[in-house]
Amino acid sequence: MHRINATSGGWNPQSEGVIFVEQTPAPLVFLTAADTDIQTLAAAASKLPATFPKFRVANLLQLQQQISIDTYAEQVLELAEVIILRLIGGRSYWSYGLEVVQEIVQRSGKTLIVMSGDDGLDPDLISHSTLPLSTVHQVWRYFNEGGVENIINALLFIADSCLLTSFNPPPPQAVPRVGLYEGEWGVGNGEWGVGNGEWGVGNVGAYCNTPLPSVLPKVGILFYRAHYLALNTKVIDALCVSLAKRNLEPVPVFVSSLREADVQVELMKFFQPDDPSEQIAMLLNTTSFSLARLDTERPLVDLWQKLDVPVLQVILSSGSIEQWESEFQGLSPRDIAINVALPEVDGRIISRAVSFKTVQSRNPNLETDVVVYEPVSDRIEFVTDIAANWVRLRSKPPQERRVALILANYPTRDGRLANGVGLDTPASCVEILKALQLAGYKVENLPLSVHELIQHLTAGVTNDPEGRELRPVRQSLSLDEYQEYFASLPEGVKQGITDRWGMGSGGRGEGGSGGVGEGGNGGVIGKNSSSASPASPASPPPPLPPSPPLPFPISGIELGNVFVGIQPARGYDVDPSLNYHAPDLEPTHAYLAFYYWVRKCFNADAVIHVGKHGNLEWLPGKSVALSGNCYPEVAFGSLPHLYPFIVNDPGEGSQAKRRAQAVILDHLTPPMTRAELYGSLQQLENLIDEYYEAESLDPERLPVICERIGELVALENIHLDLANSSLLMANNNNQPSTINNQQPTINNQQSTKLMAIFVN
């Protein structure tokens, strides 16, 4: 065991070491898990009267290990006179710490104030306080209303109630639960004593300096009121600026809680006013948890249904950027729960983590770090690219929208083209094409049947190496264009692909990986190649003219504004030792070339992956909150993504949601039916029925029936299936009963009756 420095993201359970929070004692100690509380307390500390007692503030995220809690309790809490504890998530969130604090209070008679850290009163938490309930309730109201002025008055009220001072602060002042974060609040002195805003929150960022025309599409941004009141809005400013660069008008709104009915009503006035031109086309949501209430028959998500716009979940990570960069998982379990898993219940589109906690300053009076959300520019840009692409898709008329349908193909043989678990993928593809055409999309040469679709696809180049060189290439990506694109990728990505596959060479390599490189690895040159030096000829042949660079073939067919493509292999077709789900297998050059062509040459507005499941979501990278070095993002980019997926496999579906911003469109599992018997097995059942009938009516026929049963057993190798060679013996009286015992198992076995077909 050894000490490690406290980090801005709190204790990381996957790291080694123990965090010790080292402070000097003070009469007042405030413990909270909310960085916004600490930000506001730090701002309030400088405005307190000179006679106000000293106080300390600690973040509960730094006090998650028993030894760190015990040490802090001994060094700081034992010497305090008043302990204020503000918990989010109830007593279970910090159960051991609460027990330690209660033991100190009961033994020494100190004052304890325990209250909820959210907008709901928690009678269980308040009951642990040593002050009257009315006093604790008023303290909770100060903090619940928020703002620097309210927090100053809360501290003064606590000192009067516990330390016999006489500051006599005013009662809690109400602050709006919802409001528009706009430039008008950047004028004049703040009523709440901080910054220049009406509520004391400073100005709102450079994007407000130049008003945007109202004709631009509007994108809503939702964030917590606590960040607004604590001046922790740098990430919101960054989102607004990035949206404005994309000719989108941001509509940033702060809220106390999305579950409050009156807040939802007010929210609709900002996002869906009566004037259609003022309504938002997209929503970026940075709040945590789920809006849905699961205690009813159907989840209640009325707000999202009324808004009727795509909702992008934007993640404000509670960890540090160093933790995010170094860890394969991407987010802490806590972040995954409240910022990914629960928002998925609402059907939100999972995007990326755009900010991480960083230490803004060290407050010497509170002896604690003031932590803020620091935006990461390339993550901000990527998320606003996703938003811009969804808005573009929404604003285009159907006849102008370009859609790519990508069919799974594993293993890489034509016989497995458009495979899918529980889904008749070819039939579903035909139905989707028909639905698109009916909705006004430009679909030309529509295949009218599954046979016609597969025939069109296999008439051109596919992933199947058999006859690949003889098939026509309908569309391709030039080597020059690919190399220009490849040069623009992050250095780590380029190095990883080059180390695995060499340099891209184009052409028709094995298994659809592209290229004609040596060593049989396709799509690469100078990798795994070897050749013995030939004997020097008597006279060297004349040099051959250099061959023109071969383009990367793109498997699929263009049907007007719709492209039906065959997803390329990751490279497992080249090396049999590699695995379809391998987390460390970099995609081939041809794989990147395929998706680049879909994005930049075909200019797809949206992609639909048809068939569970493809391989895009299994490419190397973080499991969630991807970076620019993660291969799903490198290949797929920021396009809108739709994915029909079987409803009973949410685990694998979540990979596409969390790693490729997919909207999962669930389809039911196929109906089940009895397998029943057919062919020789049906004949065998009839002979066994005949045998039992002959036992009582005509025993002389039994040897003949047994002989016929034995012939069928030998013909169908049933004796091998049942591991019983005695079934082949003549006049075996146990033969019929042994087989009959197995027949119901086969006859009643459950099997799918029909594959599901995804239709509109």
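Along each chain, residues carry numbers from 1 onward, in the same order as the chain's sequence is written. pLDDT decides what is reported in this predicted model: residues at 70 or higher carry local features, side-chain atom pairs at 80 or more are listed and counted, and totals for whole chains, interfaces and linings draw on all residues regardless. For the side-chain quantities, the full set of heavy atoms in the structure was used; hydrogens and water were omitted.

A.B. asks: Looking at this structure, how should I read the packing of aromatic side chains?
C.D. replies: To describe a pair of aromatic rings, you give the distance between the ring centres and the angle between the ring planes. The rule is short: rings of Phe, Tyr and Trp, with Trp giving its six-membered ring, pair when the centres are within 6.5 Å, and they are stacked under 30 degrees, edge-to-face over 60, tilted in between. A complete count under the given rule lists 22 aromatic pairs for this structure. Ring centres 6.3 Å apart and planes at 65° place the aromatic pair Tyr 595 and Phe 636 in the edge-to-face group. Remark: Phe 636 occurs in helix H19 (residues 631-636) and Tyr 595 occurs in helix H18 (residues 589-601); sequence separation between them is 41 residues. Judged on exposure class, the residue Tyr 595 and its partner Phe 636 are both buried. Grouping aromatic residues by their ring pairs yields a cluster made of Phe 563, Tyr 591, Phe 594, Tyr 595, Trp 597, Phe 602 and Phe 636. The ring of Trp 324 carries the charged tip of Lys 622 above its face, separated from the ring centre by 5.4 Å. Counting from the N terminus, the helices are the DSSP runs of H or I reaching at least four residues and the strands are the DSSP runs of E reaching at least two. Only protein chains enter the accessibility calculation, which uses a 1.4 Å probe; a residue whose area is less than 20% of its type maximum is buried, one above 50% is exposed, and one in between is partly exposed. Any Lys NZ or Arg CZ that is within 6 Å of a ring centre and within 35 degrees of that ring's normal is treated as a charge sitting over the ring.

A.B. asks: What exactly am I supposed to notice about the pattern of salt bridges here?
C.D. replies: Pairing of side chains with opposite charge becomes possible as their charged atoms draw close. Salt bridge criterion: a side-chain nitrogen from Lys or Arg within 4 Å of a carboxyl oxygen from Asp or Glu. Applying the stated criterion across every chain, the model contains 31 salt bridges. Measuring nitrogen to oxygen at the nearest pair gives 2.8 Å for the salt bridge that ties Arg 246 to Asp 385. Placement of the pair is Arg 246 in the loop between helix H8 (234-245) and strand S9 (249-255) and Asp 385 in helix H13 (residues 377-395), with a sequence separation of 139 residues. Judged by its relative accessible area of 21%, Arg 246 falls in the partly exposed class. Relative accessible area serves as the criterion here: at 28%, Asp 385 is assigned to the partly exposed category. Of the charged contacts in the structure, one is a salt bridge between Asp 649 and Lys 612, with a shortest N-O distance of 2.7 Å. In this pair, Asp 649 is assigned in the loop between strand S22 (641-646) and helix H20 (650-659) and Lys 612 in the loop between strand S21 (606-610) and H19, connecting sequence segments 37 residues apart. Asp 649 gets classed as buried once you look at its relative accessible area, which sits at 17%.

A.B. asks: Can you walk me through the layout of surface pockets in this structure?
C.D. replies: Once rolled over the atoms, a probe with the size of a water molecule shows which space is left empty. The way it works is a 1 Å grid over only the protein atoms, where trapped points that fit a 1.4 Å probe form a cavity and open points with protein on both sides within 12 Å along at least five of seven lines form a pocket, and then any residue with an atom within 4 Å of a point lines it. Grid points are joined across faces, edges and corners, and a volume is the space filled by probe spheres set on the points. Considered as a void within the structure, the largest pocket measures approximately 1200 Å³ in volume. Around the largest pocket sit 45 residues that line it, and Ile 88, Gly 117, Asp 118, Tyr 224 and Phe 289 are the ones nearest its centre. Residue assignment for the lining of the largest pocket shows that the elements contributing at least two residues are helix H1 (35-45), helix H5 (133-145), helix H7 (225-229) and helix H12 (333-345). The residue makeup of the lining of the largest pocket, split by class, is 16 nonpolar, 18 polar and 11 charged. Under the scheme applied, nonpolar residues are Ala, Val, Leu, Ile, Met, Phe, Trp, Tyr, Cys and Pro; charged residues are Asp, Glu, Lys and Arg; polar residues are all the others, including Gly.

A.B. asks: I would appreciate a short explanation of unusual backbone geometry in the present structure.
C.D. replies: Peptide bonds are trans in most cases, and residues, glycine excluded, mostly fall at negative phi. The peptide bond linking Tyr 410 to Pro 411 adopts the cis configuration, its omega dihedral lying at -10°. The backbone of Leu 231 shows a phi angle near 65°, a positive value even though the residue is not glycine. Positionally, Leu 231 belongs in the loop between H7 and H8. Here Leu 231 falls in the partly exposed class, since its relative accessible area comes to 39%. Phi is positive for Phe 289, close to 65°, though the residue is something other than glycine. Tracing the chain through its elements places Phe 289 in the loop between strand S10 (280-285) and helix H10 (302-307).

A.B. asks: Hey, could you run me through the environment of Leu 668 in this one?
C.D. replies: Tracing the backbone shows Leu 668 in the loop between strand S23 (662-667) and strand S24 (672-674). Residues Leu 668 and Gly 422 lie 246 residues apart in sequence; the distance between their C-alpha atoms is 8.3 Å.

A.B. asks: Would you mind going over the packing of H1 against helix H6 (residues 148-163) with me for this structure?
C.D. replies: How two helices sit against one another is set out by the angle between their axes and by the gap between those axes. For every element, the axis is a line fit to its C-alpha atoms; helices are fit only across the contacting stretch, and the angle between N-to-C directions ranges from 0 to 180 degrees. Remark: H1 packs on H6, axes separated minimally by 9 Å, with the N-to-C direction vectors making an angle of 75°. Relative to H6, the element H1 is oriented roughly perpendicular. For the pair H1 and H6, contact is made by Thr 40, Leu 41, Ala 43 and Ala 44 and by Val 148, Ile 151, Ile 152 and Leu 155, respectively. Tallied by class, the residues present in the contact of H1 with H6 amount to seven nonpolar, one polar and no charged. For classification purposes, angles smaller than 35 degrees are called roughly parallel, those larger than 145 roughly antiparallel, those between 65 and 115 roughly perpendicular, and all remaining angles oblique. Note on contacts: a residue pair is in contact if any heavy atoms of the two residues lie within 4.5 Å.

A.B. asks: Whenever I open this one, the confidence of the model for the protein confuses me. Can you help?
C.D. replies: Note that predicted coordinates carrying low pLDDT should not be read in detail. pLDDT runs from 0 to 100 and stands for how confident the predictor is about each residue. Scored by pLDDT, the protein comes out at a mean of 85, with 81% of its residues at no less than 70. In the model, residues 510-538 has pLDDT below 50 throughout and makes 73 contacts with residues more than four positions away in sequence or in other chains.

A.B. asks: In this structure, what is going on with the sheet that holds S23? I would like to understand it.
C.D. replies: Whether parallel or antiparallel, the strands of a sheet pair through hydrogen bonds between backbone atoms. Read across the sheet, six strands follow the order S19-S20-S14-S21-S22-S23 without closing on themselves; strand pairing throughout is mixed. Both edges of this open sheet fall to strand S19 (556-559) and S23, since each of them pairs with a single strand only. When the angles between neighbouring strand axes are averaged without regard to direction, this sheet yields 20°. Only when DSSP finds a minimum of two bridges between them are two strands counted as paired. Examined bridge by bridge, strand S14 (residues 403-407) and S21 share five bridges and lie parallel to one another. Paired with Leu 407 across the bridge in S21 is Val 610. In this fold helix H14 (residues 425-438) packs onto S14, S19, strand S20 (562-566) and S21, with an angle of close to 170° to the strand it touches most, S14.

A.B. asks: Help me understand the nonpolar core in this model?
C.D. replies: General note: in soluble globular proteins, nonpolar side chains tend to be found buried as a group. Residues Phe 563 and Val 598 are the most contacted members of the largest nonpolar core, which totals 36 residues. Broken down by secondary-structure element, the contributors of at least two residues to this core are S14, helix H16 (479-487), helix H17 (491-501), strand S18 (552-554), H18 and H19. At nine residues, H18 tops the list of elements feeding residues into this core. In this text, buried Ala, Val, Leu, Ile, Met, Phe, Trp, Tyr and Cys residues form a nonpolar core when linked through side-chain atoms within 4.5 Å. The next biggest cluster of nonpolar side chains, apart from the first, holds 35 residues, and it includes Leu 41, Ala 44, Val 139 and Cys 162.

A.B. asks: Sorry, what's going on with a nonpolar patch on the surface here?
C.D. replies: Only residues whose relative accessible area exceeds 30% and that form no salt bridge are eligible for patches; like-charged ones are grouped when within 9 Å, while nonpolar side chains (Val, Leu, Ile, Met, Phe, Trp, Tyr) are grouped when within 5 Å. Surface exposure here means Shrake-Rupley accessible area, sampled with a 1.4 Å probe, where a residue is shielded only by the protein chains that are shown. A cluster of nonpolar residues, Phe 289, Leu 342 and Val 345, forms a patch on the protein surface that exposes about 230 Å² of accessible area. Judged by relative accessible area, Phe 289 falls into the partly exposed class, the value being 39%.

A.B. asks: Where do I start with the sheet that holds strand S13 (residues 368-375) in this structure?
C.D. replies: If you walk across this open sheet you meet the seven strands as S7-S9-S8-S10-S11-S12-S13, and the pairing is mixed. Unpaired on one side and paired on the other, strand S7 (178-180) and S13 mark the two borders of the sheet. Looking at each pair of strands side by side, their axes are set apart by 25° on average, direction ignored. Here three bridges tie S10 to strand S11 (residues 311-316), and the two strands are oriented parallel to one another. Within the sheet, the bridge partner assigned to Leu 283 lies in S11 and is Val 311. The sheet contacts of H1 involve strand S12 (349-363) and S13, and relative to S13 the element is tilted by about 120°.

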